[in-house]
Amino acid sequence: MSLPGFPDAAPLAGLAGGLLIGLAAAIMLLGSGRIAGVSGLAAKAVGLGGSGISRIGAWAFVIGLPLGALLVTIMTGGLEASFAGPVPLVIAGLLVGIGTRLGSGCTSGHGVCGVSRLSARSLVATITFMAAGIATVAAMNAMGLEVLR
Amino acid sequence: MNARMFWPLVSGTIFGAGLALGGMTDPARVRGFLDIFGSWDPTLAFVMGSAAFVMAIAWRFVARMDQPLFAEKFFLPDRSDLTPRLIGGSALFGIGWGVAGLCPGPGIAALVIEPTAAAIFVVAMLAGMGLVQLIERQS
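Residues numbered from 1 in each chain as written. Chains lettered and ligands numbered in written order. Predicted model: local features only at pLDDT ≥ 70, side-chain atom pairs only at ≥ 80, totals over all residues.

Chemist: Quick question: what am I supposed to make of the overall build of chain A here?
Modeler: The helix and strand inventory of chain A stands at 6 helices and 0 strands. Starting at the N terminus and ending at the C terminus, chain A contains elements arranged as α-α-α-α-α-α. C-alpha extents for chain A along the principal axes are approximately 45 × 35 × 30 Å. Taking all 149 residues of chain A together, the buried fraction comes to 58%. A fraction of 40% describes how many contacts in chain A between residues 6 or more apart in sequence connect residues 24 or more apart. (Helix = DSSP H or I, 4+ residues; strand = E, 2+ residues; numbered from the N terminus. Buried ≥ 20, exposed ≤ 12 C-beta atoms within 10 Å, placed from the backbone. Contact = placed C-beta atoms within 7 Å.)

Chemist: How should I be thinking about the overall build of chain B in this particular structure?
Modeler: The helix and strand inventory of chain B stands at 6 helices and 0 strands. When the helices and strands of chain B are listed from N to C terminus, the series reads α-α-α-α-α-α. Dimensions along the principal axes, computed over C-alpha positions, put chain B at roughly 45 × 40 × 35 Å. Across chain B, contacts joining residues at least 24 apart in sequence account for 39% of those joining residues at least 6 apart.

Chemist: Any chance you could explain the environment of B:V47 here in plain terms?
Modeler: Among the structural elements, B:V47 can be located in helix α3 (residues 43-62). When the C-alpha positions of B:V47 and B:G23 are compared, they lie 8.9 Å apart, and in sequence the two are 24 residues distant. Those residues in contact with B:V47 that sit more than four places away from it in its chain are A:G14, A:G17, A:G18, A:I21, B:G22 and B:M24.

Chemist: Can you walk me through the interface of chain B and chain A in this structure?
Modeler: When the parts of a complex come together, some accessible area is lost, and that lost area is often used as the size of the interface. In this assembly, 106 residues from chain B lie in contact with 106 residues from chain A. Looking at the side of chain B that touches chain A, the elements with two or more residues in it are α1 (3-21), α2 (27-34), α3, α4 (84-100), α5 (104-109) and α6 (115-138) of chain B. At 17 residues, the largest contribution of residues to the side of chain B that touches chain A is made by α1(B). Split by residue class, the side of chain B that touches chain A holds 71 nonpolar, 26 polar and 9 charged. (Nonpolar A, V, L, I, M, F, W, Y, C, P; charged D, E, K, R; others polar.)

Chemist: Could you clarify how one ought to interpret the domain arrangement of chain A in this entry?
Modeler: All names here are of chain A. According to the domain assignment, chain A contains domain 1 (1-81) and domain 2 (82-149). Across the contact, 10 residues belong to domain 1 and 10 residues belong to domain 2. Only α1 (11-32) and α2 (38-45) provide two or more residues apiece to the side of domain 1 that touches domain 2. Examining the composition of the side of domain 1 that touches domain 2, we find that 4 residues originate from one element, α2, more than from any other. In terms of residue class, the side of domain 1 that touches domain 2 is made up of 7 nonpolar, 3 polar and no charged. (Domains from an automatic or database assignment.)

Chemist: Is there a simple way to explain α3(B) in this structure?
Modeler: Each turn of an α-helix holds 3.6 residues, which means side chains three or four residues apart point in the same direction. Between its first and last C-alpha, α3(B) extends 29 Å over 20 residues, near the 28 Å set by a 1.5 Å rise per residue. Those residues of α3(B) that fall on the buried side of the exposure criterion are B:T43, B:L44, B:F46, B:V47, B:M48, B:S50, B:A51, B:A52 and B:M55. Buried residues along α3(B) sit against α1 and α5 (107-116) of chain A together with α2 of chain B. (Expected span 1.5 Å × (residues − 1).)

Chemist: How do you make sense of the confidence of the model for chain B when you look at a structure like this?
Modeler: Segments scoring low in pLDDT should not have their predicted coordinates read at a detailed level. Of all residues in chain B, 100% attain a pLDDT of 70 or more, and the chain-wide mean is 96. Interface predicted TM-score (ipTM) for the complex: 0.97; the corresponding pTM is 0.97. (pLDDT = per-residue confidence, 0-100.)

Chemist: Please explain the nonpolar core as it appears in this structure.
Modeler: Nonpolar side chains tend toward joint burial in soluble globular proteins. Ranked by internal contacts, the top residues of the largest apolar core, which has 90 residues, are A:A24, A:A25, A:A69 and B:F121. Both domains that furnish three or more residues to this core are identified here as domain 1 (1-81) and domain 2 (82-149) of chain A. (Core = buried A, V, L, I, M, F, W, Y, C linked by C-beta atoms within 7 Å.)

What follows is the structure, given as structure tokens:
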């Protein structure tokens, strides 16, 4: 199904994917008593952060991410994706790593878990990284920088 | 495998499946969402909206629970102060997100979709996290 006026959008796949993400975050919250914030769990797994979950638990969550993506890849017969080249990937990775530690979270922890809890910090963080992301893409487009291959 | 590992593994696997199904492991789709002045792709709003909807229900349950189902206690953020660090960090994260169309979850999940590109991103991300830790330890 497509959305009138937005030929590229996949609203049903988006809704279904979001329901799964919500379910996953709810299992983490109600089951393990912790926020499913990927940046915090990744940091914990490699020994760069101190949050409530055990390190082995953080590893289990992090390893699950590619496992789940692999299952979908197999079931759908392959996923479309285009990625940036090495230089923009390194710049982006560094900024994401530094930014999520300083900002105490990313799209999952702030954007999904915190916003749904109406946390003031998460609302401000989410508005900030959305605005920064929008401005970055607009600036790169204005400069004619095409990063995805 | 005990509950300490099992439920996070289940959660992570469902999370990764949701990211892939929702198209979030495709940086073109994520950058398409951020490209509101160009050919805007609203898919990410559907993903975040339905995920937050489910979580809003989960928070209602938490309010009535003394402890989680499979752990001794809740570890939840309790801060409400809006600091320059929170805003500056989130801005840096947003810039990085816009540059390559990847945030931590999709970056890690994409290790099985485009291993080399995802690995470059994830290693750089962990290096960035390590840098913050290093600087904060010294000060």
